[in-house]
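Results of the structural survey
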Amino acid sequence: MERYWTTGDCWLGCERTGVQVLWLGPIQWDGWTAPFMACAPCLDRLLAQARAHWLRRLRVTTAS
Ligand SMILES: [Zn+2]
């Protein structure tokens, strides 16, 4: 998947605007779509959480 940094608003909780953000994908809700953008610090936090999730799944999968 191609990703690009652009200047915009972070959608991941820090509420910063006019910062470098990365497009993570579309948010789809009730038939509406919006671009989901995240700044670098928020992306780091999200990826750390995702990596912890993947590691837990890996341990569960390989434990048996
Ligand atoms: Zn942010």
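Each remark here, short or long, concerns the structure printed above.
Below: a short report on this structure. (Residues numbered from 1 in each chain as written. Predicted model: local features only at pLDDT ≥ 70, side-chain atom pairs only at ≥ 80, totals over all residues.)

Digging into the environment of Phe36
Position of Phe36 among the secondary structure elements: in strand 3 (residues 32–39). Ignoring any residue separated from it by four or fewer positions in sequence, one finds Phe36 in contact with Trp11, Leu24, Gly25, Pro26 and Ile27. (Helix = DSSP H or I, 4+ residues; strand = E, 2+ residues; numbered from the N terminus. Contact = placed C-beta atoms within 7 Å.)

Concerning the nonpolar core
Counting residues in hydrophobic clusters, the biggest one holds 6 residues: Cys10, Val21, Met37, Ala38, Cys39 and Cys42. Broken down by element, the residue count for this core peaks at 3 residues, all from strand 3. Leave out the neighbours within four places in its chain, and Ala38 touches Cys10, Trp11, Leu12, Val21, Leu22, Leu24, Leu43 and Leu46. (Core = buried A, V, L, I, M, F, W, Y, C linked by C-beta atoms within 7 Å. Buried ≥ 20, exposed ≤ 12 C-beta atoms within 10 Å, placed from the backbone.)

Quick notes on the sheet that holds strand 2 (residues 19–29)
Strand order in the open sheet formed by 3 strands is 1-2-3, with antiparallel pairing between adjacent strands. In this open sheet, the two edge strands, each paired with only one partner strand, are strand 1 (5–8) and strand 3. Sheet twist, expressed as the average angle between the axes of neighbouring strands with direction ignored, equals 60°. Where strand 1 and strand 2 come together, 4 bridges link them in antiparallel fashion. Paired with Gly8 across the bridge in strand 2 is Val19. (Pairing = 2+ DSSP bridges. Axes fitted to C-alpha atoms, helices over the stretch in contact; angles between N-to-C directions.)

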